[in-house]
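Residues per chain, in single letters:
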Amino acid sequence: MANLRANKITSTEVFETTGSVQFDGNGDDLSLTFNSTLSLDFTIELWVYRNNTNRHCFISLWDTSGTNRWRFEVERTAGKANFTDTGSNHFEFDYTSSSNEWVHWAVSRQGTTARMFENGTQIGSWTSSTGLGGGVGNPLTIGRLGGSGTDYLDGYISNVRIIKGTALYTKNFTPPTR
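To start, this report covers the structure provided alongside it. (Residues numbered from 1 in each chain as written. Predicted model: local features only at pLDDT ≥ 70, side-chain atom pairs only at ≥ 80, totals over all residues. Heavy atoms only, no water.)

## Considering the sheet that holds strand β5 (residues 56-62)
On the basis of which strands lie adjacent, the open sheet formed by six strands has the order β3-β12-β5-β6-β7-β8 and antiparallel pairing. The open sheet has two edge strands, β3 (30-33) and β8 (89-94), and neither has a second partner. The sheet shows a mean angle of 10° between the axes of neighbouring strands, taken without regard to direction. With five bridges connecting them, strand β6 (residues 69-74) and strand β7 (residues 80-85) associate as antiparallel partners. Considered in β7, the bridge of W70 is made with D85. (Pairing = 2+ DSSP bridges. Helix = DSSP H or I, 4+ residues; strand = E, 2+ residues; numbered from the N terminus. Axes fitted to C-alpha atoms, helices over the stretch in contact; angles between N-to-C directions.)

## Comments concerning the pattern of salt bridges
Where charged atoms from two side chains of opposite charge come close, those side chains can pair. For the structure shown, the criterion picks out six salt bridges. One salt bridge connects E73 with R71, and the closest N-O pair in it is separated by 2.9 Å. Accessibility expressed as a relative area gives 6% for R71, which makes it buried. Shared partners join several salt bridges into a network, and the residues in it are R55, R71, E73 and D151. (Salt bridge = Lys/Arg side-chain N within 4 Å of Asp/Glu carboxyl O. Buried < 20%, exposed > 50% of the residue type's maximum accessible area, 1.4 Å probe, protein only.)

## Some thoughts on the packing of aromatic side chains
Scanning all chains against the criterion turns up 15 aromatic pairs. Summarising the aromatic geometry, the rings of F58 and F72 are spaced 5.8 Å apart at their centres and angled 70° between planes, so their arrangement reads as edge-to-face. Pair noted here: F58 is in strand β5 and F72 is in strand β6, with a separation of 14 residues, a long-range link. Judged by relative accessible area, F72 falls into the buried class, the value being 0%. (Phe/Tyr/Trp six-rings, centres within 6.5 Å; stacked < 30°, edge-to-face > 60°.)

Written out as structure tokens, the structure reads:
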């Protein structure tokens, strides 16, 4: 399990943005080494606050070869949340949240059934046995689409969690407290 939590490093506000990482949508992101493959059971979750309704990539591992890549984003297609594995399999679902609010997002896969959740409500599912590769030298990028320098987040991210080997969410749930 990998956790990223940034405590009070960017925000001077005393409300919900405290404890999050701020992204201004203009060339900033967090990158870290991720030399692991998420095969079969896994969970990816995070809290996101978007300042607008532009296309935003929350988290990705995106190499230029096309073999070790995945991304979790909104607005690839208007009004849709998207998860892409191996760069070619796009799974898109309608979502109900808007900008200027905190939203808990999660993708969880148990066996070959993957599910996407928005604020604890399942908004879609798909079948996939594709391992989400890590590949040596391919960074896990938070706040933009890695490898391409596009789809920067204008907003905040908090409590990123990637769990290898456990599908934490398989039905609707109450999101954990930020």
